[in-house]
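Listed below, chain by chain, are the residues.
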Amino acid sequence: MNGDTVRTDESAGRELEELRRENAYLRRLVEETAARMLSVDIHSIAIRHELEQKRRGFKLMAELAVALGRENDFEALFLSVSRRVNATLNMQRTAVLLHEGHNVYKPAILQGYPAAERIGIFKERITLGPDRINPFRSILVTGADVPGAYDDIREKLRLPYFIASPVPLYGEVEAILVTGRVVEERPYLARLGPSDMETVQTVAAYLAAMLAEHRLRHAEIIAKQDPLTQLPNRLGTGELLNQQLELARKNGNLLAVLFIDLDGFKSVNDQHGHAVGDLVLRAVAERLTGCVRVADFAGRIGGDEFLAVLPQVRHSEDAGVVALKIIECLSQPGVGGDVTSKIGASVGIAVYPENGASENELIRAADEAMYHVKSRGKNSFGYSGKSGRFQA
């Protein structure tokens, strides 16, 4: 082998090594470029996901704003919100925990859970004291959290990754909205984040507003309802009467008010006690409701005094027909056995507009007519005449 051959081999070796280094460099460059492109793509997907979550959140808020106050049944309201959360925010499971007292919460609504798991979860109880749940702050638990963080909620609700947002009312936690996912698979099922938590917290605020509205409506109903007979009380009856008077003025209709006082009720109370008296009053309310037309209504305005309002009567005499029916209905045996067989009724009738144009005028005129009936022998009815003159 001569010197030229040796130099050629060395030169070829150096060229080969240079090509190898260049090839390795280019491969690393391609891999780094591909990695950067993938990273940009993942980041882009994450941004699109967040924007989509924001859009979904705004859509959910708009739906809740429209639905605010529509649901009369609060359980149905919670169920409706849970369904919307799952569908709109791409959650897999949503639960509503209601406060039982003493920092204990029970699952009341479960959405997205298999039927086989629901029965067991409904039996669970979760203790969350003030040190663990704040009325004005949500909880976010993801795969990034260390094991042990809210494991009781994770295990009892079968929900490893979740957002728990309190539903506060007057500074107290009335319920907790818990929603989340069973798995985290990036980038398409991204980890829950602050944006999701803000949306869920806003939903919880809507629930709090709905709960307050529900409580207010319930309180208004209670304030206008007689708790014993479930009929409208004096306040509720007056409100309904004013509504019907407004319609009567608008349409030019007659309207009749029947003031009903029970005859013999005091003897029932004296001889048999108030418990039996209450039974009689409930039975009277049931029969009285059955005596009037669908368009009419009855109320208990105090003690053993009731009121029936007959809107849209054609003639004043029609009220007398109804009054007679009421008297016969309440006087018949069987309302409460032998005890209530002694009950009768005196009925005074006032007609709009002849006997008055306001709630108070008509009730007072009907009341006076009822007293005239009692003075003439009870268990009958009579009309209030013009200027308060009584007509039997």
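Let me begin by describing the structure that accompanies this report. All figures in this text were calculated on a predicted structure; none of them were measured in a lab.

Positionally, Arg181 belongs in strand 6 (residues 172–181). As a buried residue without a salt bridge, Arg181 has its nearest oppositely charged side chain in Asp196, at a separation of 4.7 Å. Reaching out from Arg181, the side chain makes a polar contact with the backbone oxygen of Asn90 at a distance of 3.2 Å.

In space, the 6 strands of this open sheet follow the order 3-2-1-6-5-4, with antiparallel pairing throughout. Each edge of the open sheet is held by one strand with a lone partner, namely strand 3 (126–127) and strand 4 (139–141). With 6 bridges joining them, strand 1 (residues 93–101) and strand 6 adopt antiparallel strand pairing. Bridged to Ala95 within strand 6 is Val178.

With that settled, the discussion passes to the nonpolar core. Ranked by internal contacts, the top residues of the largest apolar core, which has 32 residues, are Leu258, Ile260, Leu262, Phe306, Ile326 and Ile349. Sorting the residues of this core by element identifies strand 7 (254–263), helix 7 (265–272), helix 8 (274–291), strand 9 (305–313), helix 9 (316–331) and strand 10 (344–352) as the ones contributing at least two each. For Leu258, the residues in contact, after removing those within four places along its chain, are Phe306, Leu307, Ala308, Leu310, Ala319, Val322, Ala323, Ile326, Val347, Gly348 and Ile349.

Moving on, we come to the pairing of strand 8 (residues 297–302). By the criterion of burial, strand 8 is predominantly enclosed, with 5 of the 6 residues buried. Examined bridge by bridge, strand 8 and strand 9 share 5 bridges and lie antiparallel to one another. Bridge pairing in strand 9 links Ala298 to Ala308.

Rules used in this analysis
- Residues numbered from 1 in each chain as written.
- Predicted model: local features only at pLDDT ≥ 70, side-chain atom pairs only at ≥ 80, totals over all residues.
- Heavy atoms only, no water.
- Helix = DSSP H or I, 4+ residues; strand = E, 2+ residues; numbered from the N terminus.
- Buried < 20%, exposed > 50% of the residue type's maximum accessible area, 1.4 Å probe, protein only.
- Lys, Arg positive; Asp, Glu negative; His and termini not counted.
- Salt bridge = Lys/Arg side-chain N within 4 Å of Asp/Glu carboxyl O.
- Polar contact = N/O pair within 3.5 Å; in protein donor to acceptor, adjacent residues only side chain to side chain.
- Pairing = 2+ DSSP bridges.
- Core = buried A, V, L, I, M, F, W, Y, C linked by side-chain atoms within 4.5 Å.
- Contact = heavy atoms within 4.5 Å.

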